[in-house]
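Notes for the structure review
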Amino acid sequence: TDHEPVPAVAATAEEIATMEIRGAAAIADAAARALATQAEAIDVDDPEAFRASMRAAARTLHETRPTAVSLPNALRYVLQRMNGRTVDELRRGVTSASAAFVDQLDRAQEDLARVGANRLADGDTVMTHCHSTDALACIEEAVDQGKSISAVVKETRPRNQGHITAEQLRDAGVPVTLIVDSAARRYLDEVDHVLVGADSIAADGGVINKIGTSGLAVNARERGVPIMTAAQTIKLHPETLTGHTVEIEMRAEEEVIDPVVRDEIGEIAVENPAFDVTPPRYMDAIVTEHGQFPPESIVTLMRELFGEGAEEPWAE
Ligand code: RUB
């Protein structure tokens, strides 16, 4: 039908769902670019048909993964700027909004990196969890400033995003020690900071990030190690302003255990939540492109930036 997304957009949605494209910032970047691709590819004369096709593309992208709010925030940013009377005007609205969004993503990451780098001192060792481009930008900026930083990298089962982090830090000249997730508390005595990213941040200051972040935060507090989240403001979850909670994605059990091994074990349940919520009292700081915030006061920034509410311009 007219309302099918073009193949390139369906391909992007598939890449997000299968985690070839992953991490909140990369997902937002890909979604904004896909909307521009859809706008350029659809060949209709009727403005309403154009709008309907853009909404359908946005829905396809939206349905891929539920937890990173950067995805709906990206779709909302672009579709809210789809204004005009003719198809050409609408198309230009989408492509220029998409380009502006992608540009802002990059600039926000550079700006928050300078804030996060100020928390890191020459000679510090940082423990990481998962793979966050916002978090890594802080370490890379500190290194660019001439600070010597080392890293203890958690492998991050079941998908081992820690391997990506380890490689990127190695490329930045940071000495890396890779550990299994359950070794984290033992190594907390040897680190100066824990640094993580976020998929969503709730109005109460709760940080939604890769499963294991909340346990790491509790252990860091118990060991007296400061923990910060590097999260540009597209990670702020506007619906939580009105009391909604953030959906935690449950992924396939095959990511956890080989189906053959599972059959050998016998009748068991396997659960694979991809994210968890770190309560604000266990997080020392949220670092954004607008500066550093205690988690309890992030709601002020959220109201300022998303006070208009969370409409869904992709709804049918
Ligand atoms: C990725 C993850 C990352 C955040 C932030 O989970 O939890 O910490 O998305 O990443 P997954 P970034 O691998 O399941 O997508 O700072 O790059 O936006």
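Please read all numbers here as calculations on a predicted model, not as lab measurements. (Residues numbered from 1 in each chain as written. Predicted model: local features only at pLDDT ≥ 70, side-chain atom pairs only at ≥ 80, totals over all residues. Heavy atoms only, no water.)

Describing the site of the ligand
By nearness alone, 18 residues border the ligand, and Arg22, Ser132, Thr133, Asn209 and Lys210 come closest of all. Residue Lys210 places a side-chain N or O atom 2.6 Å away from an oxygen atom belonging to the ligand. Lys235 is positioned with one of its side-chain polar atoms (N or O) 2.8 Å from an oxygen atom of the ligand. In isolation the ligand offers 460 Å² of accessible surface; the protein chains occlude 99% of this area. (Near = heavy atom within 4 Å. Polar contact = N/O pair within 3.5 Å; in protein donor to acceptor, adjacent residues only side chain to side chain. Areas by Shrake-Rupley, 256 points an atom, 1.4 Å probe, with all protein chains shown as cover.)

Notes on the domain arrangement of the protein chain
Split into domains, the protein chain comes out as domain 1 (7-110) and domain 2 (113-306). The partner domain 2 presents 30 residues to the 21 residues of domain 1 that form the contact. For the pair domain 1 and domain 2, the summed buried surface comes to about 2000 Å²; carbon and sulfur atoms form 52% of the total. By the criterion of area lost to domain 2, the three top residues of domain 1 are Arg22, Thr67 and Gln109, representing 30% of everything that side buries. The interface formed by domain 1 and domain 2 includes one salt bridge. Between Glu249 and Arg65 there is a salt bridge, and its shortest N-O distance comes to 2.8 Å. The tally of links between domain 1 and domain 2 comes to 16 residue pairs in polar contact (both at pLDDT 80 or more). Every element with two or more residues in the side of domain 1 that touches domain 2 is listed here: helix H2 (24-41), helix H4 (70-79) and helix H5 (87-118). In terms of residues, the side of domain 1 that touches domain 2 owes the most to one element, H5, which gives six residues. Broken down by class, the residue content of the side of domain 1 that touches domain 2 amounts to 11 nonpolar, six polar and four charged. (Domains from an automatic or database assignment. Contact = heavy atoms within 4.5 Å. Buried area = accessible area lost by both parts, 1.4 Å probe. Salt bridge = Lys/Arg side-chain N within 4 Å of Asp/Glu carboxyl O. Helix = DSSP H or I, 4+ residues; strand = E, 2+ residues; numbered from the N terminus. Nonpolar A, V, L, I, M, F, W, Y, C, P; charged D, E, K, R; others polar.)

Focus on the pattern of salt bridges
Going through the model one piece at a time under the given rule, you end up with 18 salt bridges. Across the salt bridge formed by Lys154 and Asp181, the nearest N and O atoms sit 3.5 Å from each other. A residue pair is termed long-range when its members are at least 10 positions apart, and Lys154 in strand E2 (residues 150-154) and Asp181 in the loop between strand E3 (176-179) and helix H8 (184-188) qualify at 27 residues. Across the pair Arg221 and Asp284 runs a salt bridge, and its minimum N-O distance is 3.3 Å. On the criterion of sequence distance, the pair formed by Arg221 in helix H9 (residues 213-223) and Asp284 in the loop between strand E8 (275-278) and strand E9 (285-288) is long-range, its members being 63 residues apart. For Asp284, a relative accessible area of 33% gives the class partly exposed. Through salt bridges with shared partners, a single ionic network connects Arg65, Arg159, Glu249, Arg251 and Glu255. (Buried < 20%, exposed > 50% of the residue type's maximum accessible area, 1.4 Å probe, protein only.)

Thoughts on the sheet that holds E8
The three strands are arranged E5-E6-E8 in an open sheet whose pairing can be described as antiparallel. The strands lining the two open edges of the sheet, one partner per strand, are strand E5 (200-201) and E8. Sheet strands touched by H9: strand E6 (207-210) and E8. Its angle to E8, the strand with the most contacts, is close to 35°. (Pairing = 2+ DSSP bridges. Axes fitted to C-alpha atoms, helices over the stretch in contact; angles between N-to-C directions.)

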